[in-house]
Amino acid sequence: MDKVLFRDLRVQPTIHEIDNDPDCREIEKALVRLGCPNAVPAVFVSGKLVGSTNDVMSLHLSGSLVPLIKPYQSFRN
């Protein structure tokens with residue numbers, strides 16, 4: 001869901017799929033410690049944890065997401 005939203009907003013996200021990472025459990029624990037209640041998916045913008053898919057959608061619906069990602073938007077078609 002987040003991938004589609006960011007692409008619709010003209011941002012090319014860097015995506016790290018941890019499913020097959022041998023450190024998957026440790027990464028999930030670290031994300032929870034950072035404050036993401038559901039460890040994955042976790043969304044970061046400029047190295048700062050934005051949150052889960054629900055958090056991203058809430059920011060988008062409130063109009064707060066676009067200002068966060070504006071520096072990363074591509075204006076090419």
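The structure displayed is predicted, hence computed values, not measured ones.

(A) Spatial organisation of the overall build of the protein. Of regular secondary structure, the protein possesses four helices and two strands. Reading the protein from its N end, one meets helices and strands in the order α-α-β-β-α-α. Seen along its three principal axes, the alpha-carbon backbone of the protein occupies a region of about 40 × 25 × 20 Å. Counting across all 77 residues of the protein, residues that qualify as buried make up 27%. Considering only residue pairs separated by 6 or more positions, the protein has 41% of its internal contacts joining residues 24 or more positions apart. In the structure as shown, the protein presents an accessible area of about 5700 Å², 53% of it carried by carbon and sulfur atoms.

(B) View of the nonpolar core. Counting 10 residues, the largest nonpolar core consists of Leu-5, Phe-6, Leu-9, Val-11, Val-43, Val-45, Val-50, Val-56, Leu-65 and Ile-69. At the level of secondary structure, the elements contributing two or more residues to this core comprise α1 (2-8), β1 (43-45) and α4 (65-69). Ignoring sequence-local partners within four residues, the contact set of Val-43 consists of Asp-2, Phe-6, Lys-48, Leu-49, Val-50, Gly-51 and Val-56.

(C) Examining helix α2 (residues 24-34) more closely. Looking only at α2, the buried set comprises Cys-24, Glu-28 and Leu-31. Angular distribution of buried residues about the axis of α2 spans 60°; they occupy a single face of the element. Residues of α2 that are exposed and point over 90 degrees away from its buried face: Arg-25 and Arg-33. Positive phi shows up at Gly-35, right after α2, with a value of about 115°.

(D) Looking closely at the pattern of salt bridges. A full pass over the atoms with the stated rule returns three salt bridges. The closest approach of N and O atoms between Glu-17 and Lys-3, which form a salt bridge, is 3.4 Å. With Glu-17 in the loop between α1 and α2 and Lys-3 in helix α1, the pair connects residues that are 14 residues apart, well separated along the chain. Between Glu-28 and Arg-25 there is a salt bridge, and its shortest N-O distance comes to 3.2 Å. A residue pair is termed a helical-turn pair when its members lie 3 or 4 positions apart in one helix, as Glu-28 and Arg-25 do in helix α2 at three residues.

(E) Here's a closer look at the pairing of strand β2 (residues 48-51). With three bridges joining them, β1 and β2 adopt antiparallel strand pairing. When the bridges of β2 are listed, Phe-44 appears paired with Leu-49. The hairpin turn running from β1 into β2, its antiparallel successor, is two residues long, and Ser-46 in that turn takes a positive phi close to 55°.

Calculation notes
Residues numbered from 1 in each chain as written. Predicted model: local features only at pLDDT ≥ 70, side-chain atom pairs only at ≥ 80, totals over all residues. Heavy atoms only, no water. Helix = DSSP H or I, 4+ residues; strand = E, 2+ residues; numbered from the N terminus. Buried < 20%, exposed > 50% of the residue type's maximum accessible area, 1.4 Å probe, protein only. Contact = heavy atoms within 4.5 Å. Areas by Shrake-Rupley, 256 points an atom, 1.4 Å probe, with all protein chains shown as cover. Core = buried A, V, L, I, M, F, W, Y, C linked by side-chain atoms within 4.5 Å. Arc of directions from axis to C-beta. Salt bridge = Lys/Arg side-chain N within 4 Å of Asp/Glu carboxyl O. Pairing = 2+ DSSP bridges.

Function cannot be inferred from these measures alone, as they are strictly geometric.
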